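Here is what each chain is made of, one letter per residue.
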Amino acid sequence: MSSTNKRTNTLSASKRLYLTFLFIVLALPVIAQKKNEAYRLHIRKTNSLIHVDGKGDEKAWQETDVATNFFMVLPMDNGQANEPSEIRMTYDENNLYLLATFYNATKGSYYVESLRRDFIFGKNDNFLLFMDPFNNQTTGYSFGSNAAGAQWDGTMYGGGSVDLNWDSKWISAVTSDAEKWVFEMAIPFKSIRYEDGVTEWGINFSRLDLKSGEKSSWTPIPRQFPTASLAYTGTLVWDSPPPSPSTNFSIIPYVLGGINRDLENNTETQYDKKIGGDVKFSLSTSLNLDLTVNPDFSQVEVDRQVTNLDRFELFFPEKRQFFLENGDLFANFGYATIRPFFSRRIGLGVPIRAGARVSGNLNNKWRMGLMDMQTASVEDTGLPSQNFGVLSLQRKVFSRSSIGFMFVNKESINYPQDTDSLRTIFPKFNRNVGMEYNLASPNNQWTGKAFFLKSFAPNKQGNGITQAAHLEYKSRKWNWRIQEESVEEDYTAEVGFVPRNGYVNITSYVGHLFFPKKSTILSHGPKLSTSYFFNEKIERTDNINLFEYLIDFRDRSKFNLGVSDEYVELLSPFDPTRSGKESLDVGTQHHWNAYTFDFISKPQSMFTYSIGGRFGGYYSEGNRTSLISELGYRFQPFVSLSSNLSYNHIHLPAPWNNTEFWLIGSEVDVTFTNKLFFATLFQYNEQSKNFNLNSRFQWRYKPASDLFLVYSNNYLIEPFEGRNWALTLKFTYWFNK
């Protein structure tokens with residue numbers, strides 16, 4: 001058979017499999033009444049003054065309806081919560097108010113991690129509000145606090161995920177005693193987006209009480225789902241539509257001064273002065289325009305270093321604020337390893353001159369994201385100035401599913417040296433266009449996705465196709481998923497994240513849980529996972545089969561055991577130590593077994609820890625031993641100490657012999673108040689031969705307005721000498737109109 005026929009048969013088989021998945025996904029029942037429609041909380045306007053102080057002693061709070069009789073979600077969703085909770089809500093012309101009172105049936109101390117904003121959910125006694133202003137069960141907002149008063153806020157997407165990178169202007173206060181803790185807040189209507197004239201919003205309230213080990217919700221939610229699941233919200237019923245907001249216009253300028261030096265290249269000390277900022281403009285009650293000029297991201301938290309023994313590029317999340325609001329519209333298209341758009345590709349080693357973004361809800365069915373960014377050229381490398389454009393549209397279908405469209409364009413303009421070689425290194429353009437269908441059943445038990453992407457480039461090598469689909473089922477006892485994907489060799493996404501090309505992959509897993517009665521073990525059960533990769537001729541290139549046994553304890557600690565079977569045929573040279581040693585040859589085949597374990601301690605202790613390990617075979621009939629540990633101690637709520645340790649020992653035949661390296665990360669996090677923070681991160685990485693220090697001081701002197709002082713320093717481990725250092729002072733202020 002000719003190579004052309006083989007390729008045609010391969011693609012036909014892939015398309016048939018894809019269409020089968022798509023048929024299954026579309027054929028599932030997806031139209032039904034909202035699950036918890038009967039749970040309704042009426043909210044009425046108040047003319048009384050409310051002072052947000054965490055006391056709730058104003059007259060307005062005595063005239064509201066009360067949401068109470070919460071349901072237990074964890075440890076078991078089998079009845080009413082043991083810890084009593086009460087929620088009251090009201091509003092006036094400017095703000096939405098909430099008062100939450102949490103009584104302690106179980107006596108003991110409160111557990112909080114720190115006073116830092118956007119705390120880790122499972123490590124704090126906390127309350128969270130989930131709002132679905134469009135009542136579409138897929139998008140919304142989350143606000144809340146831990147028992148010490150640290151705020152939490154984020155945008156919601158995908159029916160139950162929360163993006164904590166979003167910050168907005170609102171106020172809150174917490175008081176507490178041995179009997180209860182009280183949370184009071186005011187959210188300006190200008191700080192959120194909602195459809196004008198609508199009198200019913202989706203809403204739910206969640207409480208986590210670590211001393212009793214209980215997570216509860218106002219509406220009943222199956223334990224396998226997070227309390228953030230918008231499919232299970234009740235309804236907030238307004239006595240009249242919320243106020244129609246006037247035009248919301250915000251200017252957020254910054255001024256920056258800094259000093260830095262590149263010791264590795266022996267350059268002179270540089271002094272930086274920079275001015276820029278953002279503008280936010282509400283085009284409607286639910287659609288926002290964001291502009292940025294000369295943006296700076298020096299205050300952004302540094303990436304956590306990791307040991308990299310993978311054959312492919314690692315993913316690091318976006319942390320720059322401008323790219324994060326409604327970021328799911330841009331970043332969630334495709335899969336984690338097939339992303340047509342990844343915003344960290346913008347501004348890599350080159351200044352961003354300006355950018356604009358329109359994002360939000362057009363109505364209760366349509367969402368839109370439109371972004372355009374312009375970077376500068378770099379004379380030294382020949383990098384041209386580049387324009388990045390992205391259009392994302394999402395249409396709700398059935399009760400909770402959606403159809404999406406995306407177009408990504410990267411255009412190179414104004415080459416500093418216009419030569420053929422530079423046009424090969426930096427192509428004139430790269431484009432991606434695609435569609436996807438996201439399945440979410442009314443009860444959230446069935447979820448899935450199917451998508452198709454086509455890339456376009458100036459030459460044939462960049463013109464290719466990728467497609468994928470999956471279907472997942474989740475109940476209290478059973479969880480299974482099957483997924484297929486294929487990426488052609490010629491597919492390119494220069495503004496995306498696609499670490500691997502020229503493959504077909506089939507992945508699946510199935511897990512089952514048992515729930516013993518009257519035991520320290522809450523649940524336990526097996527999980528079997530498989531993942532097989534093939535080339536475009538459907539010839540196996542690598543696979544992994546993993547059997548795990550998962551144990552969850554009632555005190556919220558966890559223990560997992562696993563055994564894996566792995567096979568790899570190398571498609572490119574690879575150094576199995578990733579430390580600059582010899583590479584294994586293309587085409588060599590490797591097979592091994594390994595054993596794994598993980599234990600995570602209960603979060604209630606002042607001292608917390610986790611430990612994991614991997615023992616077994618490795619490439620070229622070698623062995624690899626890995627140990628990973630995380631240690632933490634807190635002097636709540638002001639000081640939190642943590643350390644991450646990773647050790648790898650690799651034994652291979654000559655010329656690699658024995659290789660070992662440590663990765664150590666230690667952090668000191670001091671929260672003087674919920675407005676004044678200091679954090680220092682040390683990272684020692686023997687694999688990359690780098691030692692890094694990053695210290696950040698932040699004063700949030702007004703809501704969403706900050707003063708930052710950031711110091712960073714990088715050293716070579718061997719020989720121990722400086723690489724570069726920088727000190728930056730940055731001031732931002734949020735003007736509202």
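Figured I'd write up the structure that's included with this text.

Reading guide: rules and limits
Residues numbered from 1 in each chain as written. Predicted model: local features only at pLDDT ≥ 70, side-chain atom pairs only at ≥ 80, totals over all residues. Heavy atoms only, no water. Helix = DSSP H or I, 4+ residues; strand = E, 2+ residues; numbered from the N terminus. Buried < 20%, exposed > 50% of the residue type's maximum accessible area, 1.4 Å probe, protein only. Contact = heavy atoms within 4.5 Å. Areas by Shrake-Rupley, 256 points an atom, 1.4 Å probe, with all protein chains shown as cover. Polar contact = N/O pair within 3.5 Å; in protein donor to acceptor, adjacent residues only side chain to side chain. Core = buried A, V, L, I, M, F, W, Y, C linked by side-chain atoms within 4.5 Å. Patch = residues over 30% accessible without salt bridge, like charges linked within 9 Å, V, L, I, M, F, W, Y side chains within 5 Å. Salt bridge = Lys/Arg side-chain N within 4 Å of Asp/Glu carboxyl O. Pairing = 2+ DSSP bridges. Phe/Tyr/Trp six-rings, centres within 6.5 Å; stacked < 30°, edge-to-face > 60°. Lys NZ or Arg CZ within 6 Å of the ring centre and 35° of its normal.

### Some points on the overall build of the protein
Thought 1: From N to C terminus, the protein includes three helices and 38 strands.
Thought 2: Overall, the protein is about 80 × 65 × 50 Å in size when its C-alpha atoms are taken along their principal axes.
Thought 3: Within the protein, the proportion of its 737 residues that are buried is 51%.
Thought 4: Within the protein, residue pairs in contact and separated by at least 24 positions form 59% of the contacts whose partners lie at least 6 positions apart.
Thought 5: Counting only carbon and sulfur atoms, one obtains 57% of the accessible surface of the protein, whose full area is about 32500 Å².

### A word on unusual backbone geometry
Thought 1: Cis peptide bonds are those with omega within 30 degrees of zero, and the linkage from Gln636 to Pro637 qualifies with 0 degrees.
Thought 2: You can see Pro637 is positioned in the loop between strand E31 (622–635) and strand E32 (639–651).
Thought 3: A cis amide bond, omega -10 degrees, links Glu718 with the succeeding residue Pro719.
Thought 4: Structurally, Pro719 is set in the loop between strand E36 (705–716) and strand E37 (721–732).

### Some points on the side chain of Ser557
Thought 1: Mapping Ser557 onto the fold places it in the loop between strand E27 (540–553) and strand E28 (558–569).
Thought 2: A relative accessible area of 4% places Ser557 in the buried class.
Thought 3: Of the polar contacts made by the side chain of Ser557, one reaches the side chain of Asp555; its length is 2.6 Å.
Thought 4: Each residue touching Ser557, except ones within four places of it in the same chain, is listed here: Ile551, Asp552, Phe599, Ile600, Ser601 and Lys602.

### Here we look at the nonpolar core
Thought 1: The biggest cluster of nonpolar side chains holds 35 residues, and the ones touching the most others in it are Ile87, Met89, Leu98, Phe127, Leu129, Phe143 and Phe205.
Thought 2: Taken together, the elements giving at least two residues each to this core come down to strand E1 (40–45), strand E3 (85–91), strand E4 (95–103), strand E5 (126–132), strand E6 (140–146), strand E10 (180–188), strand E11 (200–209) and strand E13 (234–238).
Thought 3: Leave out the neighbours within four places in its chain, and Met89 touches Leu41, Ile43, Trp61, Thr64, Leu96, Tyr97, Leu98, Ile203, Phe205 and Leu236.
Thought 4: With 26 residues, the next largest nonpolar core counts Ile346, Ile352, Phe451 and Tyr491 among its residues.

### Points about the environment of Ala105
Thought 1: For Ala105, the location among the structural elements is in the loop between E4 and E5.
Thought 2: When the C-alpha atoms of Ala105 and Glu200 are compared, they prove to be 33 Å apart, with 95 residues separating the residues in sequence.
Thought 3: Those residues in contact with Ala105 that sit more than four places away from it in its chain are Asn82, Glu83 and Pro84.

### With respect to a nonpolar patch on the surface
Thought 1: A cluster of nonpolar side chains, Phe607, Tyr609, Leu631, Tyr633, Phe635, Leu641, Val668 and Phe682, forms an exposed patch at the surface whose accessible area comes to about 650 Å².
Thought 2: Only strand E30 (607–618) and E31 provide two or more residues apiece to the nonpolar patch.
Thought 3: A total of three residues in the nonpolar patch trace back to one element, the largest contributor, which is E31.
Thought 4: Summarising the element assignment, Phe682 is placed in strand E34 (residues 676–685).

### Let's talk about the pairing of strand E29 (residues 589–600)
Thought 1: Pairing geometry for E28 and E29, over twelve bridges, is antiparallel. Across the sheet, residue Val563 finds its bridge partner in E29, namely Tyr595.
Thought 2: Examined bridge by bridge, E29 and E30 share seven bridges and lie antiparallel to one another. By the bridge assignment for E30, Tyr595 is matched with Phe615.
Thought 3: Hairpin connection of E29 to E30: six residues between the antiparallel strands.

### Some details on the pairing of strand E26 (residues 521–534)
The two faces of a sheet get side chains in turn, since along a regular strand they alternate between them.
Thought 1: Pairing between strand E25 (residues 503–512) and E26: eight bridges, direction antiparallel. By the bridge assignment for E26, Ser508 is matched with Thr530.
Thought 2: As paired strands, E26 and E27 are joined by 13 bridges and run antiparallel to one another. Bridged to Ser523 within E27 is Asp552.
Thought 3: Connecting the antiparallel pair E26 and E27 is a turn made up of five residues, with Ile538 showing a positive phi of about 60 degrees.

### Brief notes about the packing of aromatic side chains
We describe a pair of aromatic rings using the distance from one ring centre to the other and the angle between the two ring planes.
Thought 1: Per the stated rule, a full pass over the model turns up 46 aromatic pairs.
Thought 2: Judged by centre distance (5.2 Å) and plane angle (80 degrees), the rings of Phe143 and Trp170 are edge-to-face. In this pair, Phe143 sits in strand E6 while Trp170 sits in the loop between strand E8 (161–163) and strand E9 (171–176), placing the two residues 27 residues apart along the sequence. Each member of the pair, Phe143 as well as Trp170, is classed as buried.
Thought 3: On the basis of an interplanar angle of 25 degrees and a centroid distance of 5.8 Å, the ring pair of Phe607 and Tyr609 is categorised as stacked.
Thought 4: Residue classification places Phe607 among the partly exposed positions, given a relative accessible area of 42%.
Thought 5: Exposure remark for Tyr609: the relative accessible area of 34% places this residue in the partly exposed category.
Thought 6: Sitting above the plane of the Phe456 ring, Lys454 keeps its charged end 4.3 Å from the centroid.
Thought 7: For Lys527, the ring lying beneath its charged end belongs to Tyr509, and the centroid distance is 4.5 Å.

### Description of the pattern of salt bridges
Thought 1: Evaluation of the coordinates by the stated rule reveals 33 salt bridges.
Thought 2: A salt bridge links Arg116 to Asp669; its shortest N-O distance comes to 2.7 Å. Placement of the pair is Arg116 in the loop between E4 and E5 and Asp669 in strand E33 (residues 658–671), with a sequence separation of 553 residues. Each member of the pair, Arg116 as well as Asp669, carries the same accessibility label: buried.
Thought 3: Among the salt bridges present, the one from Arg500 reaches Asp542, with a minimum N-O distance of 2.5 Å. In this pair, Arg500 is assigned in the loop between strand E24 (478–487) and E25 and Asp542 in strand E27, connecting sequence segments 42 residues apart. A single burial state applies to Arg500 and to Asp542, both of which are buried.

### Concerning the side chain of His470
Thought 1: Tracing the sequence through the fold places His470 in strand E23 (residues 465–474).
Thought 2: Reaching out from His470, the side chain makes a polar contact with the side chain of Tyr335 at a distance of 2.7 Å.

### A few points about the environment of Val378
Thought 1: Locating Val378 in the fold gives a position in the loop between strand E18 (366–375) and strand E19 (385–397).
Thought 2: Distance in space between the C-alpha atoms of Val378 and Met606 is 50 Å, their sequence separation being 228 residues.

### Quick word on the environment of Phe451
Thought 1: Relative to the elements of secondary structure, Phe451 occurs in strand E22 (residues 446–456).
Thought 2: Spatially, the C-alpha atom of Phe451 lies 9.6 Å from that of Phe405, the residues being 46 residues apart in sequence.

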